Structures are given as structure tokens and as C-alpha cells.
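# Tertiary structure, described
Chain by chain, the residues run as shown.
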Amino acid sequence: MSTSIPQLLTTVDSQLRQIGEKILAEERITPEEGVALFEKGSLAFLGALANHVRERKHGDKTYFNRNFHIEPTNVCVYTCHFCSYSRVYAHRDEGWELSQQQMMDIVKSYDGKPVTEVHIVGGVHPKMNLEFFAELLRKIKEHRPELHIKGFTAVELDYMFRKAKVSVTEGMKYLHAAGLDSMPGGGAEIFHPDVRNVICADKVDADGWLEIHEAAHNEGMHTNATMLYGHVETYAHRIDHMDRLRTLQDKTGGFNTFIPLKFRNGDNDMSHVAETSVIEDMKLYAVARLYMDNFPHIKAYWPMLGRQNAQLTLSFGVNDLDGTIDDTTKIYSMAGSEEQSPSLSTAQLVSLIKQVGREPVERDTLYNEVRNFKDVDINTIELDPSLN
Ligand code: V47
Ligand code: SF4
């Protein structure tokens with residue numbers, strides 16, 4: 001693919017050509033150039049460049065992990081208009097609230113199974129406080145010390161810390177000591193206040209979100225970052241969002257993965273907003289790969305995109321397909337995502353990756369390689385009992 005890029009550069013206008021040359025020379029592109037890529041870059045142009053960067057960083061390697069989700073509650077004090085999942089506290093009888101025992105039962109149901117990570121994320125319930133979650137973390141670690149706990153968006157933590165009247169640094173140290181290993185990237189949405197004030201005015205703002213991730217990085221923890229795209233934001237808002245993340249990453253180096261999340265319009269206050277096309281989605285992944293030069297990984301979340309589109313992203317800069325999530329993940333199925341009951345066996349995920357000529361690698365949360373499936377035959381893989 002990379003040998004054809006110089007030829008491709010002769011077919012585009014001078015600004016795109018200069019951007020392309022910078023990318024080939026491993027130079028950083030500016031916010032203006034990022035916007036120009038969205039405005040003028042064709043799918044073929046963006047895809048070729050993003051794939052070049054992806055292969056420069058990772059070759060054909062495509063990571064996934066074996067994880068499961070716990071969603072403690074969908075009761076939430078906030079009112080994000082894009083959210084199909086939450087129930088306000090007054091209507092909490094329509095939602096769910098898991099006890100510590102119920103959550104430990106979920107953890108125990110994976111005993112003996114080769115999962116490496118539990119991902120804990122949910123709504124912001126006014127009664128599930130810092131102490132409640134610290135206790136849960138301790139119990140999980142006591143039961144299964146080697147299980148990596150990736151938990152709580154900056155939105156959940158901001159509320160927990162403020163309610164407990166602790167500083168962000170104190171709160172983060174406390175949860176880290178209780179067993180929290182890393183943080184997922186949710187709650188970022190679009191940072192720019194012109195958009196944030198329209199779609200999710202009442203939760204933590206951009207500076208608060210970034211402060212919490214910085215505190216986690218200062219504690220030596222890694223975190224992810226998301227961007228909810230494809231609703232009322234402009235290209236400039238997307239680049240502004242990515243730029244704030246790129247700037248923090250320059251300072252801390254604590255982000256592992258950038259995860260663009262496609263807005264799904266099922267059953268929420270923004271159902272009148274049309275969803276983006278697959279072409280727009282692929283362009284977004286490609287620009288993300290090109291702009292976020294200091295983020296090691298770009299992840300596509302397959303339960304949201306569907307399996308075939310997730311395969312397609314692997315040619316547009318993506319090198320990670322998340323994990324073999326089981327069907328407790330409701331935030332997307334409730335918003336009308338492709339996968340109503342998202343669950344893939346390891347064999348199925350490996351096959352998806354191999355079908356598009358990439359090299360499946362099981363990783364742990366910190367991208368240490370657990371197993372490389374390069375030489376595994378996909379015709380016999382379903383027969384391997386360890387991969388179900
Ligand atoms: O912040 C909510 C998004 C996020 C909708 O770090 C929606 O590994 C689309 O952040 N359409 C939470 N998206 C989930 C999240 C996540 C997911 C997978 C992996 C990781 C990780 C993090 O879900 C929210 C919000 O941006 N979301 N509603 C919707 N209608
Ligand atoms: Fe609550 Fe998160 Fe839904 Fe916003 S996106 S309403 S914070 S559950």
C-alpha cells in the first residue's frame with residue numbers, strides 16, 4: 001500500500017499533498033490541516049495514509065482482549081440527550097441497580113475462564129458512592145488478584161470525588177490503592193463547550209475530564225479516551241477534541257487508546273439526528289489515526305459498528321477491536337447499535353481479523369501480548385475448546 005502513496009499525492013491539491021508529505025515524513029499535522037483532511041480528503045486518500053501509519057506502527061497486528069463488563073446501574077443523575085441507556089433517579093424503578101453481591105456473582109461466573117480484564121462502567125447513581133466502589137474493588141482483588149480492573153469514566157469519578165469531598169488526586173490515589181488498575185475513556189463526548197452545552201450540559205466539562213485523566217496518569221495508571229461523533233458537531237469541533245487529547249498525551253504519555261464512538265440515534269432525545277454514513281465513519285477513523293500521532297492505538301468498538309464495518313476499519317487506521325464482550329453491555333444495544341446481544345467467542349474474533357488479512361493478537365489491558373494467532377488455521381479454530 002505505501003508504495004502507491006507518492007503517486008496518490010500527485011492527484012490531490014497542493015494543501016493535501018503537503019499534508020501527505022508531512023505524514024510520510026512522520027511530522028505532526030496542525031489543527032487547520034486536520035480540518036482540511038475532513039473537508040477535502042477522499043476516502044481513498046485518507047485510507048491510504050492512515051493505513052500507512054497503522055502499518056508503520058503495528059504492521060498487521062490487530063489486538064483484542066478477553067474481557068467482561070459489569071454495569072452497576074443505569075440510574076443516572078445526568079441527562080445527556082444522546083443517551084438511550086439511563087433512567088433518571090425519579091424513575092429508578094425502570095432501571096437496574098446491582099448490589100455488591102450481584103456484581104461479585106458476575107465476577108465469580110468467570111472463574112476458571114481465561115479473561116484478563118473486567119470493565120466496570122455505568123450511570124451515575126447518587127447512592128453508589130466512593131466507599132461503595134472502593135469496597136467492590138477490594139472484594140474483586142481479594143477474589144481474583146490478577147484480574148485487571150478497568151473502571152469508571154471521568155464522569156462517574158468526578159461525581160464520586162465531589163460527593164466524598166476529596167480532591168481529584170486524593171480520590172484517584174484512594175481508588176488505585178483499593179484495586180483500580182486503569183480507566184476507560186468514556187464521558188469525553190465532544191469537549192468544545194458549544195457542543196457540550198447542547199448535548200450534555202450538566203456533567204463534568206472538558207477541563208474536569210482532562211484533569212481526572214491527568215491525575216490517573218500521574219498515579220502511573222493508563223487510560224483511554226473516546227469521542228462521540230456524528231451528531232451536531234462540526235469538523236473543527238472534532239479536531240479541537242482530538243487536539244486537547246493530543247496535548248495532554250504530550251505531557252503525560254498516559255493514554256493507551258483513542259476510541260471514536262459513532263452516535264446511534266435509537267430511542268433517545270436526539271433520535272431526529274441522522275446517523276453518519278459508513279463512508280463518514282471510515283474517514284473519521286482515518287483522520288483520527290493521522291491526527292493522534294502520539295496515541296499508540298486506535299480502537300473500533302465492534303458492538304456499536306457491527307462486525308463487517310469493524311473489519312473495514314482495519315484498513316482505515318484501526319489496530320484494535322476491543323474484546324469478547326458478553327451481553328451485559330447495554331449502552332449500545334439500547335441506542336440501536338448493530339449488535340443487539342454483543343458476544344463473540346475468541347475463535348470468532350480471531351476469524352474476523354484473519355478474514356481481512358490481519359494478524360490477530362490477544363493482549364492484556366496494557367497491550368502486553370498474551371497470544372499471537374498468526375499461525376492458527378481458522379478452519380480448525382472453532383474446534384479449539386480454549387477459544388470459545
Ligand atoms: O461516554 C452513550 C457513549 C460512552 C450513546 O475505554 C453512546 O475501552 C453512541 O466510553 N450512541 C461509554 N455512543 C462507553 C465507553 C467505552 C466503550 C468501550 C470501550 C471503552 C474503553 C469505553 O458511550 C459514553 C458515550 O460517549 N454513548 N450513548 C449513543 N446513543
Ligand atoms: Fe448518565 Fe453516562 Fe447516560 Fe450521560 S451518557 S446520562 S452520564 S449514563
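Our structure is the block above this text.
What comes next concerns the included structure. (Residues numbered from 1 in each chain as written. Chains lettered and ligands numbered in written order. Predicted model: local features only at pLDDT ≥ 70, side-chain atom pairs only at ≥ 80, totals over all residues. Heavy atoms only, no water.)

## Examining the site of ligand 1
Within the structure, ligand 1 sits among 24 residues, and Phe82, Lys150, Gly185, Gly187 and Glu189 are positioned closest to it. A distance of 2.8 Å separates a nitrogen atom of ligand 1 from a polar atom in the backbone of Phe82. A distance of 3.1 Å separates an oxygen atom of ligand 1 from a polar side-chain atom of Asn224. Relative to its free-state accessible area of 620 Å², ligand 1 is covered by the protein chains to the extent of 97%. At the level of elements, β6 (222-229) and β7 (255-262) are the ones that each hand at least two residues to the shell around ligand 1. When the residues that make up the shell around ligand 1 are grouped by side-chain class, the tally is eleven nonpolar, seven polar and six charged. (Near = heavy atom within 4 Å. Polar contact = N/O pair within 3.5 Å; in protein donor to acceptor, adjacent residues only side chain to side chain. Areas by Shrake-Rupley, 256 points an atom, 1.4 Å probe, with all protein chains shown as cover. Helix = DSSP H or I, 4+ residues; strand = E, 2+ residues; numbered from the N terminus. Nonpolar A, V, L, I, M, F, W, Y, C, P; charged D, E, K, R; others polar.)

## What about the pairing of strand β4 (residues 148-151)?
Burial of β4 is two-sided: the residues His148 and Lys150 facing one way and the residues Ile149 and Gly151 facing the other way are all buried. Here four bridges tie strand β3 (residues 117-120) to β4, and the two strands are oriented parallel to one another. Within the sheet, the bridge partner assigned to Glu117 lies in β4 and is His148. Taking the sense of rotation as the criterion, the β-α-β connection linking β3, helix α6 (residues 130-143) and β4 turns out right-handed. (Buried < 20%, exposed > 50% of the residue type's maximum accessible area, 1.4 Å probe, protein only. Pairing = 2+ DSSP bridges. Right-handed = clockwise from strand over helix to strand, strands pointing away.)

## Overview of the site of ligand 2
Around ligand 2, the structure places Cys76, Tyr78, Cys80, Phe82, Cys83, Tyr85, Ser86, Gly123, Val155 and Lys203. Counted by class, the shell around ligand 2 contains seven nonpolar, two polar and one charged residues.

## Some points on the packing of aromatic side chains
Applying the stated criterion to the full structure yields twelve aromatic pairs. Judged by centre distance (5.1 Å) and plane angle (85°), the ring pair of Phe132 and Phe133 falls under edge-to-face. Looking at Phe133, the relative accessible area reads 4%, which means it is buried. Put simply, the rings of Phe191, Trp209, Phe255, Phe258 and Phe295 touch in pairs and so form one group of aromatic residues. (Phe/Tyr/Trp six-rings, centres within 6.5 Å; stacked < 30°, edge-to-face > 60°.)

## Remarks on the environment of Ile140
Within the fold, Ile140 resides in helix α6. Sequence spacing of Ile140 and Leu157 is 17 residues, and the spatial spacing of their C-alpha atoms is 19 Å. Each residue touching Ile140, except ones within four places of it in the same chain, is listed here: Met104, Val107, Ile120, Leu147 and Ile149. (Contact = heavy atoms within 4.5 Å.)

## Notes on the side chain of His237
Along the chain, the position of His237 falls in helix α11 (residues 235-252). Looking at His237, its side chain comes within polar contact range of the main-chain nitrogen of Thr234, at 3.0 Å. His237 has contacts with Ile190, His192, Asp194 and Val195, leaving out every residue within four places of it along the chain.

## Focus: the nonpolar core
If you look at the biggest cluster of nonpolar residues, it comprises 111 residues, and the most contacted ones within it are Leu175, Met242, Leu245 and Phe258. Residue contributions to this core peak at eight residues, all from helix α12 (residues 278-291). Residues in contact with Leu175, not counting those within four places in the same chain, are Leu130, Ala134, Leu137, Phe152, Leu157, Met160, Phe161 and Leu180. Core analysis: the next-biggest nonpolar cluster, separate from the first, contains six residues, Cys76, Val124, Tyr159 and Val204 among them. (Core = buried A, V, L, I, M, F, W, Y, C linked by side-chain atoms within 4.5 Å.)

## A closer look at the pattern of salt bridges
Scanning the entire structure with this criterion turns up 25 salt bridges. Among the ionic pairs, Arg358 bridges to Glu55, the shortest N-O distance being 2.8 Å. Placement of the pair is Arg358 in the loop between α15 (346-355) and β10 (359-363) and Glu55 in helix α4 (residues 43-58), with a sequence separation of 303 residues. Among the ionic pairs, Arg238 bridges to Glu280, the shortest N-O distance being 3.9 Å. Here Arg238, found in helix α11, pairs with Glu280, found in helix α12; they are 42 residues apart in sequence, far enough to count as distant. The structure contains a network of salt bridges with shared partners spanning Arg28, Asp250 and Asp293. (Salt bridge = Lys/Arg side-chain N within 4 Å of Asp/Glu carboxyl O.)

## A few points about the sheet that holds strand β1 (residues 61-65)
If you trace the four strands from one edge of the open sheet to the other, you get β9-β1-β10-β11, paired in mixed fashion. Two strands close off the open sheet at either side, each with one partner strand: β9 (320-323) and β11 (369-372). With direction set aside, neighbouring strand axes in the sheet form an average angle of 25°. Sheet analysis places β10 next to β11, joined by three bridges and oriented antiparallel. Directly across from Val361, in β11, lies its bridge partner Asn372. Running over the sheet, α15 touches β1, β9 and β10 and is turned about 160° from β1. (Axes fitted to C-alpha atoms, helices over the stretch in contact; angles between N-to-C directions.)

## Overview of the packing of helix α3 (residues 31-40) against α12
Direction vectors running N to C along α3 and α12 enclose 160°, while the axes themselves pass 10 Å from each other. On the basis of their axis angle, the class for α3 and α12 is roughly antiparallel. The element α3 and its partner α12 pack so that their crossing is right-handed. Contact residues: Pro31, Gly34, Leu37 and Phe38 in α3; Lys283, Leu284, Val287, Leu290 and Tyr291 in α12. Of the residues in the contact of α3 with α12, the class split is seven nonpolar, one polar and one charged. (Parallel < 35°, antiparallel > 145°, perpendicular 65-115°, else oblique. Left-handed = near helix turned anticlockwise from the far one by under 90°.)

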